[in-house]
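Geometric and topological summary
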Amino acid sequence: MSGSAAIQFTKVSIDMLILLLLTALLQAQNYEYDLLLKGGHVIDMASNRNGVMDVAVADGKIAAVAANIPAGDAFKVVNVAGYYVTPGLIDIHAHVVGGRAERPSYPADLNFSSGLTTIVDAGTHGADNFANFRKNVVNHSKIRVLGMVNIVRAGMGGDREQDPKLMDAKLCAETINANRDIAVGVKTAHYWTGQPWDKEHPPWAAVDGAVQCGKLANVPVMVDFWPRDGRTYDDLILKHMRPGDIHTHVFAQQFPLLDAQGKVQKYMHEARKRGIIFDVGHGAGSFWWRQAVPVMQQGFWPDSISTDLHSANWNGPVVNMITTMSKFLAMGMPMHEVIRRSTVNPAREIKRPELGTLTVGREADIAVLEVLKGKFGYSDCGRAKFVGDSKIEARVTLKAGRIVHDPTGVTMYSYDKAPPSYYKTPKLQGVEPGAIAEPDLPSRKAAASTRK
Ligand SMILES: [Zn+2]
């Protein structure tokens, strides 16, 4: 080997070495995941997971759920030990727009503060104004907003709901068919609860009309009901509703849930066996401890937990979804059963099984929850209270991988350990990048591009 050949060989080797080193360095920066939630107690009842596990997110999707995912694989790692990690919660009975009596309501995105990532507006709108719902609410919300179409074409509200001529099953089904991406059911409520029956107002007009629409559009019906002579509760759940239809407000005062001996009525069990869904739908008037406690104690638990939240009950007694869920934990329902009833069950009830689960490949809608132990009072609709020993707090909510709620800073660094960019004040407002150093959407790709 000549001298120059030896030098040549050495140079090639050094080049190779540098290339190898660079590749290794690049791979280290090439994170597999954007975000890793580490060490939390995962509850995902759709896949029967209930234990300590890590959850990794990439490109807004669930990328992995497993024990001990290496921290080095993720651009951002959040320690969630001591917290529960669950699918983003689902509330199938809410009212996010002024409906009844045109009362003002609240922004749908406020629900992120309860760990919710999907809400269903339960029939505030009918065929005549469902387009407004899409335009004014769905399109302006970051949270996933779905809707049920009221059997009353003019939607919810006082006199309108009393006129069977406004209940058009065919038009209702056409509206659902034209809005399949957001319309998940039919709603009936508040029909003829006080006046005597007459020719214009037959007892079952609203329920039967809604079921007719449900059949035509092949969607479930959610029923808000007041039993009375000529229209009994057992006839509702045994004869008029179909399997898969949802009785909301199950713990309202007007339902004869218990027999004279205080036992859960046989027809409740029969109805459940034939597939009737029992939903909470707390609301301003539909959750009473005197109904819920004895029924729960006998092991007859609702299938789904929902709020019926609107502007007249979010200062109480409902407050929000997480408070409603806490009431069931306080009554003795185990945490994983509370989560089942606020994730996978409601998802199945509205035939959206892709929601309410942490299955790999699904949108990264995630709630990080904490259960506090102590003494906590909870109110019902009769201004009575129940004192329990536990309370659920929503700590972090992720919608499609984006951190949309984190009031206590679980995902954040301590201000005194923040990177220099946090301490840099721009000279001009809005012209230079501001002081926020940490984006709400952790992204390994964005991080790689800023490194160039
Ligand atoms: Zn309602």
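For the structure itself, consult the block above.
What you are looking at is a predicted structure, and each value in this text was computed from that prediction instead of being measured. (Residues numbered from 1 in each chain as written. Predicted model: local features only at pLDDT ≥ 70, side-chain atom pairs only at ≥ 80, totals over all residues. Heavy atoms only, no water.)

With respect to the packing of aromatic side chains
Counted according to the given criterion, the structure contains 13 aromatic pairs. Seen from their ring centres, F251 and F287 are 6.3 Å apart, and the 80 degrees between their planes marks the pair as edge-to-face. A residue pair is termed long-range when its members are at least 10 positions apart, and F251 in the loop between β11 (246–247) and α6 (266–273) and F287 in the loop between β12 (277–278) and α7 (289–297) qualify at 36 residues. For F287, a relative accessible area of 0% corresponds to the buried category. Members of the aromatic cluster, connected to one another through ring pairs, are F251, F287, W289, F328 and F386. The ring of F225 is capped by R231, whose NZ or CZ atom sits 5.1 Å from the centre of that ring. The lysine or arginine in question, R272, covers the ring of F300, its NZ or CZ lying 4.1 Å from the ring centre. (Phe/Tyr/Trp six-rings, centres within 6.5 Å; stacked < 30°, edge-to-face > 60°. Helix = DSSP H or I, 4+ residues; strand = E, 2+ residues; numbered from the N terminus. Buried < 20%, exposed > 50% of the residue type's maximum accessible area, 1.4 Å probe, protein only. Lys NZ or Arg CZ within 6 Å of the ring centre and 35° of its normal.)

Thoughts on the coordination of the zinc ion
The zinc ion binds to the protein through H93 (NE2), H95 (NE2) and D308 (OD); the donor distances cover 2.1 to 2.3 Å. Each donor residue of the zinc ion belongs to the same chain, and together they define the spacing H-x1-H-x212-D. Linking H95 in the loop between β6 (89–94) and β7 (116–126) with D308 in the loop between α7 and α8 (321–330), this pair joins segments that are 213 residues apart in sequence. Given a relative accessible area of 8%, D308 falls into the buried group. (Donors = N, O, S within 2.8 Å, 3.2 Å for Na, K, Ca; no water.)

Points about the state of the cysteines
All chains considered together, the criterion is met by one disulfide. The disulfide partner of C172 is C213, and the S-S distance across this bridge is 2.2 Å. Between C172 and C213 the sulfur-sulfur dihedral comes to about -75 degrees; the bridge is accordingly left-handed. With C172 in helix α3 (residues 169–178) and C213 in helix α4 (residues 205–217), this residue pair connects regions lying 41 residues apart in the sequence. Take C172 and C213: they sit in the same class, and that class is buried. (Disulfide = S-S within 2.5 Å.)

Brief notes about the pairing of strand β14 (residues 385–399)
Across a regular strand the side chains alternate sides, sitting on one face of the sheet and then on the other. For strand β13 (residues 366–379) and β14, the ladder comprises 12 bridges, and the chain directions are antiparallel. Note that in β14 the partner of I366 across the bridge is L398. Taking the residues that link successive antiparallel strands as the turn, the β13-β14 hairpin has five residues, and the phi of R383 there is positive, at about 60 degrees. Pairing geometry for β14 and strand β15 (residues 402–405), over three bridges, is antiparallel. Bridging from a neighbouring strand, K399 pairs with R402 of β15. Two successive antiparallel strands, β14 and β15, enclose a turn made up of two residues, where A400 displays a positive phi of approximately 50 degrees. (Pairing = 2+ DSSP bridges.)

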